[in-house]
Structure formats: C-alpha cells, structure tokens
Amino acid sequence: MEITPDTSSYMIAGFVVTFVTMGIYIASLYIRNRNLLQDVETLESMQTEKPKSAKK
Amino acid sequence: MQSKSIALTILDVVSIILLAISTYLALFFAPTELIMGQVQRVFYFHIGTAWVGLLGFVLAAISGVIYLITKDMKWDRFEVAAVEVSTMFFFITIVLGSIWARPAWNTWWTWDPRLTTAAVTELIYIAYFMLRQGIDDPEKRARFGAVYTILGGVSAPITFMVIRLFRTIHPVIIGAANANQEKMSMTGDMKVAFFFALFAFTVIFIDLMWHRIRLGNLEEKVEQLKLKVSM
C-alpha cells in the first residue's frame, strides 16, 4: 500500500502566499485611495483660494 | 468626493464570507488526496485565481476594443482595473502552481508549455503597466493601452488551450484530455470545494474590480483638478 506523503508545509506556504498577496493588494488600494483623497482635498482648497488671491 | 455605496459594502462583506467558506471547504471539507497529500488543497485556489486571472485579461481586451470605438475614458479605467486585479490573481496562480509542483514533480519550475505560456502572460501584463507609465498624454496612453490589451488578450486563450494542444505534464482539469495526458479526477466533496472556489473568486474579483474602478475615477478627478489649478 502506498503511503500518502506529508506535504503539509507546502500547503501552508500556498495559503500564506495567497492571503499575503491579496492582503498587500488590498492595502495598496486603501493607501492609494487615501492619498488621492488627500490630493483632492488639497487641490480643492487651492482652487477656492485662487479666486480670492486673484481679487486682491 | 466619492462615497462608498451600500452595494459595494455588502459586496465586501459577501466576498470575505465567501473567501472564509472557500478556505474552510479547501482545508477541512475536501478529502485529502492520497497520492499528493495535503498540498493538493492549494489546487482549489490555484484554479480559482487562474480563472479570474484569465477572465480579467479577456475583459481587458474587450474593454480595449470598446474604448477604441467609443473613445470613452471610462473603458480605459475599466481596462486598467481588469489588468491590475488579474495580474495580482495570476501571480498567485503561478506561485501556487510552483508550490504544488515541488512535491508533485520534484521541481519548483519546469519549462512545460502551460507554465511557459502562463509566465509569458504574466510578463505581458506587467509590461502593460510599464508601457502606460512611459506615456504622459492620457488619450495616447489609453489608445496604446487598448491596442496592447487586445494583442495581449490572445495570450489568455493560448494559456488555457495549450495543455489540450501540446504534450505537457500539467494535469487537465476541465474538458477532455489527450490519451497521453493526466486527467485529474475528483470526488463529490472535492467538486464542491472546486466549484465553490470558482464562485468565491469570481465574486472577489468583481469586488476588487469595483474598488479599482473607483480608484481610477478618483485619479481622473485629481488629474482634472491639477489642470484647473495650474491654469
């Protein structure tokens, strides 16, 4: 009878890679989104300040 | 500012639940494969990520065609989202395949037709971002990107079909194999885990695509604001 090999460490490595890669990607989406929202805020405030300085 | 819709929040929650169930089915519900042992459990995620990876590359090619016809930038944003999310999933597919190959084939990597076409496909889409990075004009970037994804899209069906057309050591899961090829047979519980993983990764793919498209819309808004401020 053939004995099933112990390949548990490879299985764990596979699931770790899957979750870590997806986690990194989701974190990158979150960070890029946060940075862009900050950019929008900065640019919108610059835009509202611009007409005021033009009047002066 | 874009506020997150309720539908997207629900989809986020559903995606997390589906991923958790799919992990449970792969790890505990499906029986242990007798020849390969526990490592065979990565196969469910390997196929799930491969499916959405190739699906995204085909969707990117279709959106490339639509962009070239309509010149509507929303299709460019859709294309970028599809390529980015699929490149991430296809990277997981390749790494999982390599991890499975080590105990199954006694090597991390071999230049088998399936592995080679998969690696070439991944490199094509990594190069897509390098191409876009090098073009400043948004319309030119979108046009070049669209043509590139249409040409690159050919690699997806080639990668899928290659194990059916050439001699290869990669097992065939879906469809009839040649007499020379190894066809993986699954028990009922394995089929449940397999089809659930396909479904779960499809939902996760849609969820991530939606998030990436929203990010693209925000990038567009920043570009427009920069133009207004600089005038």
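For the structure itself, look to the data block above.
Below you will find a few notes about this structure. Since this is a predicted model, take the numbers as computed values, not measurements.

### Structural notes on the overall build of chain B
Part 1 of the argument: From N to C terminus, chain B includes seven helices and zero strands.
Part 2 of the argument: For chain B, the sequential pattern of α-helices and β-strands runs α-α-α-α-α-α-α.
Part 3 of the argument: Taken over the C-alpha atoms alone, chain B extends approximately 70 × 40 × 25 Å along its principal axes.
Part 4 of the argument: Counting all 231 residues of chain B, 38% fall into the buried class.
Part 5 of the argument: Sequence separation of at least 24 residues holds for 76% of the intrachain contacts in chain B that already meet a minimum separation of 6.

### Observations regarding unusual backbone geometry
Residue and element names in this part refer to chain B.
Part 1 of the argument: At Lys71, a position not held by glycine, the phi torsion is positive, near 60°.
Part 2 of the argument: Position of Lys71 relative to the elements: it lies in the loop between helix 2 (42-70) and helix 3 (73-105).
Part 3 of the argument: For Asn106, which is not glycine, the phi torsion reads 65° and is therefore positive.
Part 4 of the argument: Within the fold, Asn106 resides in the loop between helix 3 and helix 4 (113-133).

Conventions we followed
- Residues numbered from 1 in each chain as written.
- Chains lettered and ligands numbered in written order.
- Predicted model: local features only at pLDDT ≥ 70, side-chain atom pairs only at ≥ 80, totals over all residues.
- Helix = DSSP H or I, 4+ residues; strand = E, 2+ residues; numbered from the N terminus.
- Buried ≥ 20, exposed ≤ 12 C-beta atoms within 10 Å, placed from the backbone.
- Contact = placed C-beta atoms within 7 Å.

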